[in-house]
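# Report on the structure
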Amino acid sequence: MRLIINIPDSTPTDAGDLTQRATKAFGRCHVEVDRPEDATEAIQAIDSEQFATQARAYLALAQRYGQPLTLVAFRFAVPPDRADTLCQALRLSVGGQCRAEDLVYCDGQGQMLMLLPQTPDPAATGFCERMVRALHCAVKTVGFAHPERIVYCALVAYSAERHGTIAVMLREAYEVLEQAVTTQRAGQVVRPGDQPAASP
């Protein structure tokens with residue numbers, strides 16, 4: 001795996017420290033720090049229109065052929081000025097764990113989206129549980145304490161009755177994320193309609 005991180009204003013010392021941290025956090029991969037002249041963000045994001053176009057195509061296939069489709073949303077409970085940078089770094093780290101057809105996107109609000117085509121709910125649940133554990137390790141190594149309180153995960157499986165557009169799936173995923181944060185269900189895979197476990 002080859003990981004490239006764009007840092008517009010980094011010094012050689014910053015670049016060396018970042019390379020060391022990324023290598024430790026993301027495992028055996030070749031890390032490069034790039035400082036483009038005209039870069040305006042620490043990490044380059046996937047264009048939102050590209051995500052929307054591909055997502056609509058996957059939804060059309062699911063609607064036409066009855067294929068399973070799962071949308072997963074992650075939110076990272078860190079200060080707003082660090083949320084998107086962390087999200088982008090984690091997006092790069094998890095890319096190698098996804099299939100070639102999976103779609104990964106950071107929405108600019110410290111939230112990472114994954115669209116998993118041809119993935120039924122049980123397989124998606126297992127994938128999300130593995131991803132939460134991997135993100136816990138990466139978040140801790142990057143420098144955040146108590147990773148078990150940081151990563152929130154919402155899973156929305158495509159339903160022909162409820163999801164006429166990808167926007168409807170996204171709205172539902174964001175609503176589930178809000179509920180997960182409100183009920184403090186970090187580290188869990190939460191679905192629409194899930195209720196928090198009763199206190200003992």
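Only a predicted model underlies this, so the values are computations on that prediction, with no experimental measurement involved.

### Points about the environment of alanine 57
Here alanine 57 is to be found in helix 2 (residues 48–65). For alanine 57, a relative accessible area of 36% corresponds to the partly exposed category. The sequence separation of alanine 57 and isoleucine 166 amounts to 109 residues, and the corresponding C-alpha distance is 9.6 Å.

### Quick notes on the confidence of the model for the protein chain
On average, residues of the protein chain score 75 in pLDDT, and 72% of them reach the 70 mark or higher. A low-confidence stretch, residues 1–14 (pLDDT under 50), is modelled with 42 contacts involving residues beyond four sequence positions or located in other chains. Predicted confidence for residues 25–45 stays below pLDDT 50, and this span has 59 contacts to residues more than four positions away or in other chains.

### Some details on the nonpolar core
In this structure, Phe74, Phe76, Met112, Met114 and Leu135 are the most contacted members of the largest nonpolar core, which totals 29 residues. Counting only elements with at least two residues in this core, the list comes to strand 3 (69–76), helix 3 (80–94), strand 4 (103–106), strand 5 (111–117), helix 4 (121–142) and strand 6 (151–157). Broken down by element, this core gets its largest block of residues, eight residues, from helix 4. Discounting residues that sit within four places of it in the chain, methionine 114 has contacts with Thr70, Leu71, Val72, Phe74, Val94, Cys98, Leu103, Val104, Phe127 and Met131. With 24 residues, the next largest nonpolar core counts Leu69, Leu103, Leu170 and Val176 among its residues.

### Brief notes about unusual backbone geometry
With a phi close to 50 degrees, glutamine 118 is a non-glycine residue in the positive phi region. Tracing the backbone through its elements, the reader meets glutamine 118 in the loop between strand 5 and helix 4. Classification of glutamine 118 as exposed rests on a relative accessible area of 54%. Even without glycine at this site, glutamine 184 takes up a positive phi of about 55 degrees. Mapped onto the elements, glutamine 184 comes out in the loop between helix 5 (166–182) and strand 7 (189–190). On the accessibility criterion, glutamine 184 (69% relative accessible area) is exposed.

### Concerning the sheet that holds strand 4
With respect to topology, five strands assemble into an open sheet ordered 4-5-3-6-7, the strand pairing being mixed. Either end of the sheet is taken by a strand with one partner, and the two such strands are strand 4 and strand 7. Here four bridges tie strand 4 to strand 5, and the two strands are oriented antiparallel to one another. Opposite valine 104, over in strand 5, you have methionine 114 as the bridge partner. Strands strand 3, strand 4 and strand 5 of the sheet are contacted by helix 2, whose axis makes an angle of about 145 degrees with strand 4.

### Observations regarding helix 2
Between its first and last C-alpha atoms helix 2 spans 26 Å; for 18 residues at 1.5 Å apiece the expected length is 26 Å, and the two agree. All buried positions along helix 2 are accounted for by Phe51, Ala52, Ala55, Tyr58, Leu59 and Ala62. For helix 2, the angular spread of the buried residues around the axis is 135 degrees, confining them to a single face. Seen from the buried face of helix 2, the exposed residues on the opposite side, beyond 90 degrees, are Arg64 and Tyr65. Where helix 2 is buried, its residues contact strand 3, strand 4, strand 5 and helix 5. Note on helix 2: the residue one or two positions beyond its end, glycine 66, has a positive phi of about 70 degrees.

Analysis parameters
- Residue numbers restart at each chain and count upward from 1, following the sequence in its written direction.
- Local features are withheld for residues below a pLDDT of 70 in this predicted model, meaning they are given only at 70 or higher, and side-chain atom pairs are given and counted only at 80 or more; totals for whole chains, interfaces and linings count all residues.
- Water and hydrogen atoms play no part in the side-chain values, which are based on all heavy atoms of the structure.
- A run of H or I in DSSP counts as a helix once it spans at least four residues, and a run of E counts as a strand once it spans at least two, with each numbered from the N terminus.
- Relative accessibility under 20% of the residue-type maximum defines a buried residue, over 50% an exposed one, and the middle range a partly exposed one, all with a 1.4 Å probe and only protein chains included.
- The predictor rates its confidence in each residue with pLDDT, a number between 0 and 100.
- Contact definition: two residues touch when any of their heavy atoms are within 4.5 Å.
- Only buried Ala, Val, Leu, Ile, Met, Phe, Trp, Tyr and Cys residues count toward a nonpolar core, and they belong to the same one when joined by side-chain atoms within 4.5 Å.
- The pairing criterion is simple: DSSP has to find at least two bridges between the two strands.
- Each axis is a line fitted through C-alpha atoms, and for a helix only the stretch in contact is used; angles between axes span 0 to 180 degrees, taken between their N-to-C directions.
- Expected span of a helix: the number of residues minus one, times 1.5 Å.
- By definition, the arc is the one covered by directions from the helix axis to the C-beta atoms.

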